[in-house]
Amino acid sequence: MATRRISSACMARSSRNTIFLTPQPRSQLPPPRFRNARHFQSTPIFYEQKANVGAKRDPAPKIVRGQSKVFKNADEAVADLKSGSTILSAGFGLCGTAETIIAAIERRGKDSLHSLTAVSNNAGAGGGGGLSPLVASEQIDRLILSFLGTNKSLEERYLSGKIAIELCPQGTIAERIRAGGAGIPAFFTPTGINTLLQSGEIPVRLGPVDKATGKSTILEAGKPRETRVFDGKIYGMETAIKADVAILRAHTVDEAGNCQFRYTTKAFGQVMGKAAKVTIVEAENIVPVGSIHPDNVHLPGIYVNRIVPAKVEKVIEIRKLREVEGKSGGEKSASQQRRERIARRTAKELKHGYYVNLGVGIPTLAPSFLSPETKVWIQSENGLLGMGAYPTEDEIDADIINAGKETVTIVPGGSTFDSAESFAMIRGGHIDVSVLGALQVSANGDLANFMIPGKVFKGMGGAMDLVGNPDQTKIVVATDHVAKDGSFKIVEQCGLPLTGAKVVSTIITDLCVFEVNREKGGLTLTELAPGVDVEEIRKKTGAKFAVADDVKSME
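Owing to the predicted nature of the structure, the values given are computational and were not obtained by experimental measurement.

Asks: When you look at the overall build of the protein chain in this model, what are you seeing that I'm missing?
Replies: When helices and strands are tallied, the protein chain shows 12 helices and 30 strands. Expressed as a percentage of its 555 residues, the buried residues of the protein chain come to 48%. Of the roughly 26,700 Å² that the protein chain leaves accessible, carbon and sulfur atoms contribute 51%.

Listed below in structure tokens is the structure:
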């Protein structure tokens, strides 16, 4: 059963709006009765619904039913976009982004089109592409996104107070957009509980540096999440995202607006296309009505209002190729050896038949150490199940990437889908093991891996969602034992903002393996790397730990 605290002020406001379908004098109405002050009454209570005629309408281009949806070019399709609009920009990294439409919006110029709010998984790359041109032109002054990644220029603009950024976990963004398109105003999620996201302490817009403290002032704070308890677990409320305009790229679009996407370009294309008043699609191929089989329509034409030809070539953000056997590049560095030691041990967590999610970096190396008879299904949160090895030059495809934006392949039996579907798998506990990196991890399983206040502002990406159901999905941290400056990464309590609280079950480093007691708190040393003793672990660990009776070798 769901529970929440209801303040007397809240109850007073509710009672003022309470009416019954059959008009009665207020003196005759019985006072509302609650069985328990902490529980909502299930007896029907009707609320007055007034026409929302006085509300300010968001700017959106006009839709004319019956006219052709095909526009000559993108400039024509964006000519009536208005300043102050909210725009959903599909794509993951630079895969599936509407580059042709973005270029047309940039050509409108800041004087003609400005004060835009853009919603995207990430706002382009540091070297250009995606929303980067609109950030540089200052047409966008507000972003809702999950990940900045290597986009240093955007990170600097945020830290200097030149742009507002509302950080939101990747899966939550996808679900907020999906809810907006489905007419659902809000929903509850386990993602981000006991983090700064829940408390609203991730600043949206920073101000000048306070000379006394040396820290940036906060011009706009985040919004705290309302919480409810369901089945003994805390969930936070997220509100839907709806927009004036959505811009996306599809492989094939017919003249009725039916869209077909290729592989991982589905990530946000499908959900964003449904959540805007006007959806503009740039099509690599525009075909007559009936050319796409009904079973192959990924986004029905009812959601699409304008179609333009795609004129900008696809961009591969990170071109990653498979190493040719026998050409490993000579002797491995100490860093490579450490990473491989961690990955080799991590591979033991991936059992035959498991569905697993591997974070960017060291975790992605683990499958290369699996035995030939061990088959696992690797899920990538951008919408891929059955991720294979890096491609050869002949296999490379700009539309098939992993969560790190690297080119990959798909194994036989694999599938692709949008981000809402992807995170339903994750939050729903259908993933057996999730492996992530860490900036810090605590003795009770708290994980911090997405920001260093005032210094590093990368965003959480999908990490908060990935650790949102640790009772059903085992969370493994794979990381170097200490940071580059020698500081502790395994600590008694995390000093950095949390990605999740009490979520980590196993910690694998280049020196040892710890098992974590998430319920009671505490670490147990269970394995040591060759040549490493317990005393060295004590010196390099910022938390107390027990030592198992039968400590094993990592290799």
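Asks: When you look at the sheet that holds strand 10 (residues 227–230) in this model, what are you seeing that I'm missing?
Replies: Think of a sheet as strands paired side by side through backbone hydrogen bonds, with each pair either parallel or antiparallel. Sheet architecture is open: three strands sit in the order 7-11-10, paired in antiparallel fashion. Whereas interior strands pair on both sides, the edge strands pair on one side only; in this sheet they are strand 7 (186–189) and strand 10. Strand-to-strand, the axes of this sheet are offset by a mean angle of 40 degrees, without reference to chain direction. Pairing between strand 10 and strand 11 (residues 233–239): four bridges, direction antiparallel.

Asks: Looking at this structure, I do not really get the packing of helix 6 (residues 170–182) against helix 8 (residues 266–273). What am I missing?
Replies: When two helices pack together, you describe them by how their axes are tilted relative to each other and by the distance separating the axes. At their nearest, the axes of helix 6 and helix 8 sit 8 Å apart, and the two run at 30 degrees to each other. It follows that helix 6 is roughly parallel to helix 8 by the angle criterion. Judged by the sense of rotation from one axis to the other, the crossing of helix 6 with helix 8 is left-handed. On helix 8, the residues touching Q170, I173, A174, I177 and R178 of helix 6 are F268, V271 and M272. A class-by-class count of the residues in the contact of helix 6 with helix 8 yields six nonpolar, one polar and one charged.

Asks: Quick question: what am I supposed to make of the sheet that holds strand 21 (residues 440–442) here?
Replies: In spatial order, the strands read 22-21-26; together these three strands make up an open sheet with mixed pairing. Sheet topology places strand 22 (447–448) and strand 26 (490–491) at the edges, where each strand pairs with a single neighbour. As paired strands, strand 21 and strand 22 are joined by two bridges and run antiparallel to one another. Directly across from Q440, in strand 22, lies its bridge partner A448.

Asks: Looking at this structure, I do not really get the nonpolar core. What am I missing?
Replies: Generally speaking, a soluble globular protein has its nonpolar side chains buried in company with each other. Counting residues in hydrophobic clusters, the biggest one holds 50 residues, and the most contacted among them are L350, V504, I507, F514, L523 and I537. Ignoring anything within four residues of it in the chain, the contact list for F514 reads H481, I490, S505, T506, I507, L523, T524, L525, I537, T541 and F545. L81, L116, Y158 and M460 belong to the second-largest nonpolar core, a separate cluster that totals 40 residues.

Asks: Can you help me understand the packing of helix 6 against helix 10 (residues 419–427) in this one?
Replies: Here helix 6 crosses helix 10 at 125 degrees, and the two axes come no closer than 9 Å. Relative to helix 10, helix 6 is oriented oblique. When the axes of helix 6 and helix 10 are compared, the crossing they make is left-handed. Listed contacts from helix 10 to Q170, G171, T172, A174, E175 and R178 of helix 6 are S419, A420, F423 and R427. A class-by-class count of the residues in the contact of helix 6 with helix 10 yields three nonpolar, four polar and three charged.

Asks: What should I look at first to understand the packing of aromatic side chains in this one?
Replies: To describe a pair of aromatic rings, you give the distance between the ring centres and the angle between the ring planes. Counting across every chain of the model gives four aromatic pairs. For the pair F230 and Y235, a centre-to-centre distance of 5.6 Å together with 80 degrees between the ring planes defines the contact as edge-to-face. Judged by centre distance (6.3 Å) and plane angle (15 degrees), the ring pair of Y355 and W377 falls under stacked. You can see Y355 sitting in strand 16 (residues 355–358) and its partner W377 sitting in strand 17 (residues 377–380), a full 22 residues away along the chain. An aromatic cluster of three or more residues is present, and its members are F188, F230 and Y235. A cation sits over an aromatic face here: K320 above Y390, 5.4 Å from the ring centre. Cation over ring: R538 sits above F545, and NZ or CZ is 4.8 Å from the ring centre.

Asks: Which parts of the structure should I look at to understand the pattern of salt bridges?
Replies: Where side chains of opposite charge bring their charged atoms close, a pairing between them can arise. Applying the stated rule across the entire model yields 29 salt bridges. One salt bridge in this structure joins D399 and K314, with 2.6 Å as the shortest N-O distance. You can see D399 sitting in the loop between strand 18 (384–387) and strand 19 (410–416) and its partner K314 sitting in the loop between strand 15 (306–309) and helix 9 (334–346), a full 85 residues away along the chain. Judged by its relative accessible area of 3%, D399 falls in the buried class. One salt bridge in this structure joins E349 and R345, with 3.0 Å as the shortest N-O distance. Like R345, E349 is buried.

Asks: Would you mind going over the pairing of strand 3 (residues 86–89) with me for this structure?
Replies: Here strand 3 shows two buried faces, one formed by T86 and L88 and the other by I87 and S89. One ladder, built from three bridges, connects strand 3 with strand 4 (residues 116–119); its direction is parallel. Looking across to strand 4, one finds that L88 is bridged to V119. On the question of chirality, the crossover connecting strand 3 to the parallel strand 4 by way of helix 3 (residues 99–108) is right-handed. Where strand 3 meets strand 12 (residues 243–254), three bridges bridge the pair, whose relative direction is parallel. Looking at the pairing, S89 lines up with I247 of strand 12.

Asks: Explain unusual backbone geometry to me, please; I cannot follow it from the model alone.
Replies: Most peptide bonds adopt trans geometry, and most residues besides glycine take a negative phi value. With a phi angle near 65 degrees, N194 is a residue other than glycine that sits in the positive phi range. You can see N194 is positioned in the loop between strand 7 and helix 7 (196–199). On the basis of relative accessibility, which here comes to 48%, the residue N194 falls in the partly exposed class. The backbone phi angle of D231 is positive, close to 50 degrees, even though this residue is not glycine. For D231, the location among the structural elements is in the loop between strand 10 and strand 11. We classify D231 as exposed; its relative accessible area is 73%.

The rules behind these values
Residues numbered from 1 in each chain as written. Predicted model: local features only at pLDDT ≥ 70, side-chain atom pairs only at ≥ 80, totals over all residues. Heavy atoms only, no water. Helix = DSSP H or I, 4+ residues; strand = E, 2+ residues; numbered from the N terminus. Buried < 20%, exposed > 50% of the residue type's maximum accessible area, 1.4 Å probe, protein only. Areas by Shrake-Rupley, 256 points an atom, 1.4 Å probe, with all protein chains shown as cover. Pairing = 2+ DSSP bridges. Axes fitted to C-alpha atoms, helices over the stretch in contact; angles between N-to-C directions. Parallel < 35°, antiparallel > 145°, perpendicular 65-115°, else oblique. Left-handed = near helix turned anticlockwise from the far one by under 90°. Contact = heavy atoms within 4.5 Å. Nonpolar A, V, L, I, M, F, W, Y, C, P; charged D, E, K, R; others polar. Core = buried A, V, L, I, M, F, W, Y, C linked by side-chain atoms within 4.5 Å. Phe/Tyr/Trp six-rings, centres within 6.5 Å; stacked < 30°, edge-to-face > 60°. Lys NZ or Arg CZ within 6 Å of the ring centre and 35° of its normal. Salt bridge = Lys/Arg side-chain N within 4 Å of Asp/Glu carboxyl O. Right-handed = clockwise from strand over helix to strand, strands pointing away.

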